[in-house]
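If you want the building blocks of each chain, they are given just below.
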Amino acid sequence: MQKVLIVDDEDVLRMLIEDTLEDLEEVELHTAENGREAMTKLSMNEFDLVILDYMMPELTGIEVLGLLSDKVKAATPILMLTAKAQEGDRNIAREAGARYFMPKPFSPMELLQIVEGILGDQKKNQ
């Protein structure tokens, strides 16, 4: 069973992402409402993918990435979701450890395709 952590402080977006991904086979979805909760879950579990909001209270997505070990970032693909879609923001996210980037608003179908691709690659590499 592959595990995905969805981190977004907006309830509606978190539920949209969950609804979009809930029919994926052999995928267990976990959620966090902010960066602190995400760090707690990341310290207790290994995930095959983290979908991480850039701008959140308490800890931003970039701050979460800064707190993760290089080992976790190497083993866990991070998909950064953000309304901050400028190239400079993308570069900051990449330098912090995000491998994938998707601007908000996003297409649920496009998100589903990207997640399926990432999880498929993860499965091959295990």
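In what follows, the accompanying structure is described. (Residues numbered from 1 in each chain as written. Predicted model: local features only at pLDDT ≥ 70, side-chain atom pairs only at ≥ 80, totals over all residues. Heavy atoms only, no water.)

**Topic: the environment of Leu5**
- Secondary-structure assignment places Leu5 in strand E1 (residues 2-7).
- With relative accessibility at 0%, the residue Leu5 sits in the buried group.
- Sequence-wise, Leu5 and Asp48 are 43 residues apart; in three dimensions their C-alpha atoms are separated by 8.3 Å.
- Excluding residues that lie within four positions of it along the chain, Leu5 makes contacts with His30, Thr31, Ala32, Ala38, Lys41, Leu42, Phe47, Leu49, Val50 and Ile51. (Helix = DSSP H or I, 4+ residues; strand = E, 2+ residues; numbered from the N terminus. Buried < 20%, exposed > 50% of the residue type's maximum accessible area, 1.4 Å probe, protein only. Contact = heavy atoms within 4.5 Å.)

**What about the pairing of strand E5 (residues 100-103)?**
- Pairing between strand E4 (residues 78-82) and E5: 4 bridges, direction parallel. Directly across from Thr82, in E5, lies its bridge partner Pro103.
- The handedness of the E4 to E5 crossover, carried by helix H5 (residues 87-96), is right-handed. (Pairing = 2+ DSSP bridges. Right-handed = clockwise from strand over helix to strand, strands pointing away.)

**Here's the deal with the packing of aromatic side chains**
- Considering all chains together, one arrives at 0 aromatic pairs under this definition.
- The side chain of Lys3 reaches across the aromatic face of Phe47, ending 5.7 Å from its centre. (Phe/Tyr/Trp six-rings, centres within 6.5 Å; stacked < 30°, edge-to-face > 60°. Lys NZ or Arg CZ within 6 Å of the ring centre and 35° of its normal.)

**Quick look at the environment of Leu119**
- Note on placement: Leu119 falls in helix H6 (residues 108-125).
- Residue class for Leu119 comes out buried when judged on its relative accessible area of 4%.
- When the C-alpha positions of Leu119 and Gln2 are compared, they lie 7.7 Å apart, and in sequence the two are 117 residues distant.
- Not counting residues up to four positions away in its chain, the partners in contact with Leu119 are Gln2, Val4, Leu24, Val27, Asp48 and Leu49.

**Concerning helix H2 (residues 35-44)**
- Where H2 is concerned, the buried positions are Gly35, Ala38, Met39 and Leu42. Take H2 and look down its axis: the buried residues cluster within an arc of 100°, on one side only.
- Tucked inside the fold, the buried residues of H2 contact E1, strand E2 (27-32), strand E3 (49-53) and helix H3 (61-67).
- Measuring from the side-chain oxygen of the N-cap residue of H2 to the backbone nitrogen of Arg36 gives 3.0 Å; that N-cap residue is Asn34. (Arc of directions from axis to C-beta. Polar contact = N/O pair within 3.5 Å; in protein donor to acceptor, adjacent residues only side chain to side chain.)

Everything listed is a geometric property; what it means functionally is a separate question.
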